[in-house]
Every structure is written in C-alpha cells, then in structure tokens.
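Overview (structure and organization)
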Amino acid sequence: AQSVTQLGSHVSVSEGALVLLRCNYSSSVPPYLFWYVQYPNQGLQLLLKYTSAATLVKGINGFEAEFKKSETSFHLTKPSAHMSDAAEYFCAVSLSGGSYIPTFGRGTSLIVHP
Amino acid sequence: SQTIHQWPATLVQPVGSPLSLECTVEGTSNPNLYWYRQAAGRGLQLLFYSVGIGQISSEVPQNLSASRPQDRQFILSSKKLLLSDSGFYLCAWSLQGPGNTIYFGEGSWLTVV
C-alpha cells in the first residue's frame with residue numbers, strides 16, 4: 001500500500017521568494033512520484049515525475065523536486081516565485097508493482113503576494 | 001498527440017434527477033481511464049478506474065456508477081442524484097503499466113440543488 005502526505009494546506013510566499021512545498025510518502029516498494037499543478041477551474045497537469053533515474057528532477061515552469069529515500073520525501077521547490085505560480089499543487093505516489101494506480105495527496109494551495 | 005475531452009463543463013441538476021458525464025480520449029489505444037471527484041479541501045478522490053472495455057473497478061461505494069462502452073469512452077452516471085454528489089469531476093487517462101503519467105480532462109462542475 002502507498003500513501004502521501006502534503007504538509008500544509010496553504011503556503012504563502014512573496015513574489016521572488018523561494019517556494020517550498022512538502023511531500024512525504026509511504027511505500028512498501030520503490031515508488032514513482034509525481035507533482036501536479038491545478039489552476040482554478042481546470043484539470044491537473046504534470047509538473048514533474050520521479051521514475052528512479054536522477055534523484056533531482058526538473059520540471060516545467062522552473063520547478064524541481066528531489067527524491068530523498070532516507071527521508072521518504074519528494075519536496076517541490078522553485079527559487080523565485082511568480083504571481084502566475086499561484087495554484088493548487090498535488091503530490092502523488094504510485095508503486096512499481098502490484099496495483100499501480102496513483103494515490104494523491106490532499107493538495108497545497110500556493111498563494112503568491114506581490 | 002493524445003487529447004481528452006470531457007463534457008458538460010457545468011451542470012446544475014435537481015436532487016433525484018439522473019446524471020451522465022462523458023469522457024473520450026483520442027490518439028491512443030487501450031488506455032487506463034479514471035473518474036475522480038474533487039471537493040474543497042479534500043483533494044482528489046478516485047471514484048472508478050478501468051483497464052479495458054467493460055472492466056470497471058469501484059473505489060468508493062456510493063450513488064454513482066461508471067461504464068466503458070468503447071475503448072476510449074468513459075461515462076459516469078447516477079440514477080438519482082443526492083446533494084452530496086455536488087463537486088468537481090475529473091476524467092483522466094494513462095497508458096497501461098506502472099509509472100505512467102495521468103492526463104486529466106478539464107473537469108465538470110456538478111451542482112445538485
């Protein structure tokens with residue numbers, strides 16, 4: 001079985017500040033990990049995913065995430081927030097074996113202040 | 001390239017009325033298909049998924065049902081809507097197998113009044 005926990009339902013940053021969205025996972029086998037972004041009234045779109053290649057994964061819009069097995073974490077970062085980054089962000093985990101249907105976290109709303 | 005279409009985008013239905021949300025995928029064959037519901041502050045709830053025509057797995061027993069009459073068509077239905085069925089419904093697809101990205105439709109807002 002797998003699960004994912006996103007710490008903080010809301011994160012507020014100033015424009016130009018570092019963005020850090022936290023995700024911890026639980027998985028009995030090596031996981032696949034995903035970050036998705038959702039803009040208001042839209043579906044989710046993939047930001048990046050980890051598939052056991054490089055532990056530092058670069059995604060779209062300047063985001064990146066680092067897989068840390070010892071910490072069971074996959075935190076999402078961006079060096080400098082932009083107003084257009086304001087959205088809902090979801091972390092997801094799926095297994096490399098068995099039922100591979102992803103499990104999503106509850107989401108973190110990123111608020112960017114001018 | 002692959003695309004996913006979901007309709008209607010917005011729906012207001014009275015309690016007790018039926019529901020039909022439709023989703024089609026283009027540009028791929030034999031995809032996994034999913035229906036999710038999203039309620040405020042509760043993240044994504046997987047309702048149904050399908051790995052092939054006529055094969056439906058239900059994740060949460062409730063007032064809804066799903067069908068896959070064709071390879072790339074997925075339908076979410078209800079015979080009698082409840083107020084609690086209100087929410088944002090998302091159809092999605094992925095390739096078969098582990099580690100594949102899920103691609104989402106634009107969503108359907110359902111308000112039951």
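That block above? That's the structure.
Computed from a predicted model, the values in this text were never measured in an experiment. Residue indices follow the written sequence of each chain, beginning from 1 at its first position. Written order determines the labels here, with chains lettered from A and ligands numbered from 1. A pLDDT threshold of at least 70 governs which residues receive local features in this predicted model, and a stricter bar of 80 or more applies before side-chain atom pairs are shown or counted, although totals over entire chains, interfaces and linings include all residues. Calculated side-chain values reflect all of the structure's heavy atoms, with hydrogen atoms and water omitted.

Now for the overall build of chain A. Secondary structure elements are defined from DSSP: runs of H or I of at least 4 residues count as helices, runs of E of at least 2 residues count as strands, and each element is numbered from the N terminus. If you tally the helices and strands in chain A, you get 0 helices and 11 strands. Secondary structure elements of chain A occur, N-terminal to C-terminal, as β-β-β-β-β-β-β-β-β-β-β. Based on C-alpha atoms, the radius of gyration is set beside the globule rule, defined as 2.2 Å times the residue count to the power 0.38. What you see for chain A is a C-alpha radius of gyration of 14 Å, in line with the 13 Å of a compact globule of 114 residues. Viewed in the frame of its principal axes, chain A has a C-alpha envelope of about 45 × 30 × 20 Å. Taking as baseline every contact in chain A between residues at least 6 positions apart, the subset at least 24 positions apart corresponds to 57%. In summary, the charge assignment counts Lys and Arg as positive and Asp and Glu as negative, without counting His or the chain termini. Lys charges are placed at NZ, Arg charges at CZ, Asp charges at CG and Glu charges at CD. In chain A, the 7 positive side-chain charges and the 6 negative ones have mean positions that sit 8 Å from each other. By definition, residues are in contact when any of their heavy atoms lie within 4.5 Å.

The partner chain B presents 23 residues to the 21 residues of chain A that form the contact. For salt bridges, the criterion is a side-chain nitrogen of Lys or Arg within 4 Å of an Asp or Glu carboxyl oxygen. Seen at the junction of chain A and chain B, the total is 0 salt bridges. Think of a polar contact as two N or O atoms within 3.5 Å of one another; within protein, one of them needs to be a possible hydrogen donor and the other a possible acceptor, and neighboring residues in sequence only count if both atoms come from side chains. Seen at the junction of chain A and chain B, the total is 5 residue pairs in polar contact (both at pLDDT 80 or more). Counting residues per element, the ones that place at least two in the side of chain A that touches chain B are β4 (31–38), β5 (44–50) and β9 (87–95) of chain A.

Moving on to the pattern of salt bridges. Residues and elements named next belong to chain B. A full pass over the atoms with the stated rule returns 4 salt bridges over all chains. When the shortest N-O distance is used, the salt bridge between R68 and D71 registers 3.2 Å. In this scheme, a residue with accessible area under 20% of its type's maximum is buried, one over 50% is exposed, and one in between is partly exposed, where area comes from a 1.4 Å probe on protein chains only. R68 gets classed as buried once you look at its relative accessible area, which sits at 3%.

So, about the packing of aromatic side chains. Note on aromatic pairs: the rings of Phe, Tyr and Trp (six-membered ring only in Trp) are paired at centre separations within 6.5 Å, and the planes decide the class, stacked below 30 degrees, edge-to-face beyond 60, tilted for the rest. A full pass over the atoms with the stated rule returns 14 aromatic pairs over all chains. Measuring from centroid to centroid gives 6.0 Å for F104(A) and F104(B), while their planes differ by 75°, and the two rings are edge-to-face. With F104(A) in strand β10 (residues 103–104) and F104(B) in strand β10 (residues 103–104), this pair bridges two chains. Residue classification places F104(B) among the buried residues on the basis of a relative accessible area of 7%. For the ring pair W35(B) and F74(B), a centre distance of 6.2 Å and an interplane angle of 25° mean the geometry is stacked. Here the residue W35(B) occupies a position in strand β4 (residues 32–38), and F74(B) occupies one in strand β8 (residues 73–78), the gap between them amounting to 39 residues. When its relative accessible area of 0% is taken as the criterion, W35(B) is described as buried. According to the relative accessible area criterion, F74(B) is buried, its value standing at 0%.

Glancing now at the sheet that holds strand β6 (residues 56–58) of chain A. Residues and elements named next belong to chain A. When DSSP finds two or more bridges between two strands, those strands count as paired. Strand order in the open sheet formed by 5 strands is β1-β3-β8-β7-β6, and the pairing between neighbours is antiparallel. The strands lining the two open edges of the sheet, one partner per strand, are β1 (2–7) and β6. Strand-to-strand twist in this sheet, taken as the mean axis angle between neighbours without regard to direction, amounts to 20°. Pairing between strand β7 (residues 64–68) and strand β8 (residues 73–78): 5 bridges, direction antiparallel. Note on β8: the bridge partner recorded for F67 is F74. Fitted lines through C-alpha atoms give the axes, limited to the stretch in contact for helices. The angle between two N-to-C directions lies from 0 to 180 degrees.

Cysteine sulfur pairs qualify as disulfides if the two atoms are within 2.5 Å. This structure, assessed with the given rule, holds 2 disulfides over all chains. Between the sulfur atoms of C23(A) and its disulfide mate C91(A) the distance is 1.9 Å. Since a negative S-S torsion denotes a left-handed disulfide, the C23(A)-C91(A) link at about -65° is left-handed. With a gap of 68 residues between them, C23(A) in strand β3 (residues 19–27) and C91(A) in strand β9 connect regions that are remote in the sequence. The exposure class assigned to C23(A) is buried, which follows from its relative accessible area of 0%. Relative accessible area serves as the criterion here: at 0%, C91(A) is assigned to the buried category. One disulfide bridge connects C23(B) with C91(B), the sulfur atoms lying 2.0 Å from each other. Around the S-S axis, the bridge from C23(B) to C91(B) shows a dihedral of about -80° and counts as left-handed.

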